[in-house]
2 protein chains.
Amino acid sequence: MVNYRDERLDRTFAALVDPTRRAILARLEREDGASVSALARPFAIKLPAVMKHLDVLDDAGLITRSKVGRIVTVRLRPEPMQEAMDWLRRYERFWSKSLDRLAGYAEGKEAEARKKRR
Amino acid sequence: MVNYRDERLDRTFAALVDPTRRAILARLEREDGASVSALARPFAIKLPAVMKHLDVLDDAGLITRSKVGRIVTVRLRPEPMQEAMDWLRRYERFWSKSLDRLAGYAEGKEAEARKKRR
């Protein structure tokens with residue numbers, strides 16, 4: 001029953017569960033590459049804990065790490081998120097349906113008000 | 001540091017980690033409501049295990065359960081996924097960037113080939 005695509009989605013969603021990991025991804029989205037120590041700075045957790053989060057992100061294929069001398073630079077690799085988004089996208093029609101209903105309701109109310117004004 | 005929106009996203013992504021839970025949501029996307037026993041049928045796991053998955057989906061606000069007599073009907077409530085998708089959407093520009101690069105490369109190759117033919 002479980003296939004590769006499922007396993008990749010498992011890893012992607014699991015990586016996205018933690019707010020610290022999401023904050024790291026959000027920062028890498030704004031900056032093109034950051035050192036591990038720079039990434040760790042805003043968090044109240046210790047460096048080894050940040051390293052563990054980076055391991056999870058790396059295992060999910062969401063970041064790359066490259067080392068030059070003693071500096072490890074972390075970069076975003078958002079491709080796995082595309083698959084996660086494609087998975088979510090099929091539910092979008094439900095939101096648009098609710099929006100359509102809302103728009104229909106608003107239009108109905110407006111037409112009613114117009115009738116009363118006549 | 002943690003706020004309500006973060007907590008909701010935690011719960012949504014955590015609910016989506018499991019392939020059985022994703023399969024349940026996918027089925028509810030196709031059918032408008034299904035009984036618990038009908039939902040459990042395709043899976044190799046026992047009913048109590050399915051019930052636990054439904055609890056996780058319910059806690060994340062992704063399904064509703066209503067009971068009439070002895071039949072519990074499960075329905076999709078996909079709204080929390082919208083927030084998850086909005087979160088993922090900001091990374092979309094990275095994929096379009098890679099697609100642009102790919103398109104640029106293909107166009108370059110084509111132009112080269114045209115020049116040679118002349």
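Because the structure is a prediction, the values reported are computed rather than measured. (Residues numbered from 1 in each chain as written. Chains lettered and ligands numbered in written order. Predicted model: local features only at pLDDT ≥ 70, side-chain atom pairs only at ≥ 80, totals over all residues. Heavy atoms only, no water.)

(A) Summary view of the confidence of the model for chain A. Mean pLDDT over chain A works out to 88, with 91% of the residues at or above the 70 mark. The ipTM value of the predicted complex is 0.77, and its pTM value is 0.79. (pLDDT = per-residue confidence, 0-100.)

(B) Region of the structure containing the relation of the copies chain A and chain B. Mapping chain A onto chain B is achieved by rotating through 180 degrees and translating by 0.0 Å along the same axis, at an RMSD of 0.1 Å. Those values place the two copies in the arrangement expected of a two-fold rotation axis. Distance from the rotation axis, computed per C-alpha, reaches its smallest value in chain A at Phe13(A): 2.7 Å. Both copies share a contact surface, since 100% of the interface residues of chain A are interface residues in chain B too. (Least-squares fit on C-alpha atoms with pLDDT ≥ 70 in both. Contact = heavy atoms within 4.5 Å.)

(C) Highlighting the interface of chain A and chain B. Residue-level contacts link 33 residues of chain A with 33 residues of chain B. When chain A packs against chain B, the two sides together hide about 3200 Å² of surface, and 69% of this comes from carbon and sulfur. Taken together, the links from chain A to chain B amount to eight salt bridges. For the salt bridge of Asp6(A) with Arg22(B), the shortest nitrogen-to-oxygen distance reads 3.0 Å. Elements that contribute at least two residues to the side of chain A that touches chain B include exactly helix H1 (4-16), helix H2 (19-30), helix H5 (79-89) and helix H6 (92-117) of chain A. Among the elements that take part in the side of chain A that touches chain B, H5(A) stands out by supplying eight residues, more than any other. Classifying every residue of the side of chain A that touches chain B by side-chain character gives 22 nonpolar, two polar and nine charged. (Buried area = accessible area lost by both parts, 1.4 Å probe. Salt bridge = Lys/Arg side-chain N within 4 Å of Asp/Glu carboxyl O. Helix = DSSP H or I, 4+ residues; strand = E, 2+ residues; numbered from the N terminus. Nonpolar A, V, L, I, M, F, W, Y, C, P; charged D, E, K, R; others polar.)

(D) Main features of the pairing of strand E2 (residues 63-68) of chain A. Residues and elements named next belong to chain A. Bridge analysis of E2 against strand E3 (residues 71-76) gives six bridges, and the strand direction is antiparallel. By the bridge assignment, Thr64 is partnered in E3 with Arg75. What sits between E2 and E3 in their antiparallel hairpin is a turn of two residues, with Gly69 showing a positive phi close to 60 degrees. (Pairing = 2+ DSSP bridges.)

(E) A look at the sheet that holds strand E2 (residues 63-68) of chain B. Residue and element names in this part refer to chain B. Strand order in the open sheet formed by three strands is E1-E3-E2, and the pairing between neighbours is antiparallel. The sheet terminates laterally at strand E1 (34-35) and E2, the two strands that pair on one side only. Along the sheet, helix H4 (residues 47-59) contacts E2 and strand E3 (71-76); its crossing angle with E2, the most-contacted strand, is approximately 120 degrees. (Axes fitted to C-alpha atoms, helices over the stretch in contact; angles between N-to-C directions.)

(F) View of the environment of Arg30(B). Residue and element names in this part refer to chain B. Relative to the helices and strands, Arg30 is located in helix H2 (residues 19-30). Among the residues examined, Arg30 registers a relative accessible area of 58% and is labelled exposed. Each C-alpha atom of the pair Arg30 and Leu76 lies 9.8 Å from the other, and the pair is 46 residues apart in sequence. (Buried < 20%, exposed > 50% of the residue type's maximum accessible area, 1.4 Å probe, protein only.)

(G) The packing of aromatic side chains, seen in detail. All told, the structure shown has five aromatic pairs over all chains when counted by the stated rule. An angle of 45 degrees between the planes, with centres 5.1 Å apart, marks the rings of Trp87(B) and Tyr91(B) as tilted. Comparing Trp87(B) with Tyr91(B) shows no difference in burial state: the two are buried. By the ring-pair criterion, three or more aromatic residues cluster together here, those being Phe13(A), Trp87(A), Tyr91(A), Phe13(B), Trp87(B) and Tyr91(B). (Phe/Tyr/Trp six-rings, centres within 6.5 Å; stacked < 30°, edge-to-face > 60°.)

(H) Spotlight on the sheet that holds E3(A). Residues and elements named next belong to chain A. The strand order E1-E3-E2 describes an open sheet built from three strands, whose pairing is antiparallel. At either end of the open sheet lies a strand with only one pairing partner, and these are strand E1 (34-35) and E2. This element, H2, spans E1, E2 and E3 of the sheet and lies at about 90 degrees to E3.

(I) Just the nonpolar core, in detail. Core analysis: the biggest nonpolar cluster contains 58 residues, and Leu25(A) and Leu25(B) have the highest contact counts within it. Leu25(A) has contacts with Leu16(A), Leu57(A), Leu62(A), Ile63(A), Leu76(A), Met81(A), Trp87(B) and Tyr91(B), leaving out every residue within four places of it along the chain. (Core = buried A, V, L, I, M, F, W, Y, C linked by side-chain atoms within 4.5 Å.)

(J) Fine view of H1(A). Under the 1.5 Å per step criterion, the end-to-end length of H1(A) is 18 Å for 13 residues, consistent within 8% with the ideal 18 Å. Of the positions making up H1(A), those classed as buried are Asp6(A), Leu9(A), Asp10(A), Thr12(A), Phe13(A), Ala15(A) and Leu16(A). Buried residues belonging to H1(A) abut H2, helix H4 (47-59) and H5 of chain A together with helix H1 (4-16), H2 and helix H5 (79-89) of chain B. (Expected span 1.5 Å × (residues − 1).)

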